[in-house]
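Understanding the architecture of this molecule
Residues per chain are reported as follows:
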Amino acid sequence: MLNLKFKERRNQSRKKLSGLLPGKLVRLKDDSQIVGRPIDVSDKGLGLLVSEKLAVGETLLLTTKTHSIELEIIWSQPDFGKRDLIRYGLITKNSDESVEKLFEDYGCFTRE
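Residues numbered from 1 in each chain as written. Predicted model: local features only at pLDDT ≥ 70, side-chain atom pairs only at ≥ 80, totals over all residues. Heavy atoms only, no water.

Let us look at the pairing of strand 6 (residues 68–78). Bridge count between strand 5 (residues 59–63) and strand 6: 5 bridges; the pairing is antiparallel. Pairing of leucine 60 across the sheet is with leucine 71, part of strand 6. Taken together, strand 5 and the strand that follows it, strand 6, pair antiparallel across an intervening segment of 4 residues. (Pairing = 2+ DSSP bridges. Helix = DSSP H or I, 4+ residues; strand = E, 2+ residues; numbered from the N terminus.)

So this is what it looks like as structure tokens:
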């Protein structure tokens, strides 16, 4: 029997996304735009697939027409099977903000 030892780091359920961001994602330190694909979202977190190297602990700003959310990179790992792509786990820096609600308001969930 196959016994995989894997500790789930997520403490909230995730919803799959269409691959579209509801706004512009930039590095807070220099305002450079991040081009990537959101994978999944929870109330307080976001999974993101990017080709550029970002630092754990770095803060990104997701800005829409009406709202901005600061997100901190809390983990990174190479993407499974896709060369030169990196998966990042982000969490909102303000516990009162819902990343999931923002994506829902802009219709960014997959249609299943």
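Having seen the structure, we can now continue with the description.
Here we take up the pattern of salt bridges. Under the counting rule described, the total for this entry stands at 5 salt bridges. Here glutamate 52 makes a salt bridge to arginine 27, at a shortest N to O gap of 3.1 Å. On the criterion of sequence distance, the pair formed by glutamate 52 in the loop between strand 4 (45–50) and strand 5 and arginine 27 in strand 2 (residues 24–27) is long-range, its members being 25 residues apart. Taking relative accessible area as the criterion, glutamate 52 reaches 28% and is therefore assigned partly exposed. Assessed through its relative accessible area of 13%, arginine 27 is described here as buried. A salt bridge links aspartate 79 to arginine 87, with the shortest nitrogen-to-oxygen separation between them at 2.5 Å. Across this residue pair, the class does not change: aspartate 79 and arginine 87 are buried. Among the charged side chains, a network of salt bridges with common partners joins Arg27, Glu52 and Glu58. (Salt bridge = Lys/Arg side-chain N within 4 Å of Asp/Glu carboxyl O. Buried < 20%, exposed > 50% of the residue type's maximum accessible area, 1.4 Å probe, protein only.)

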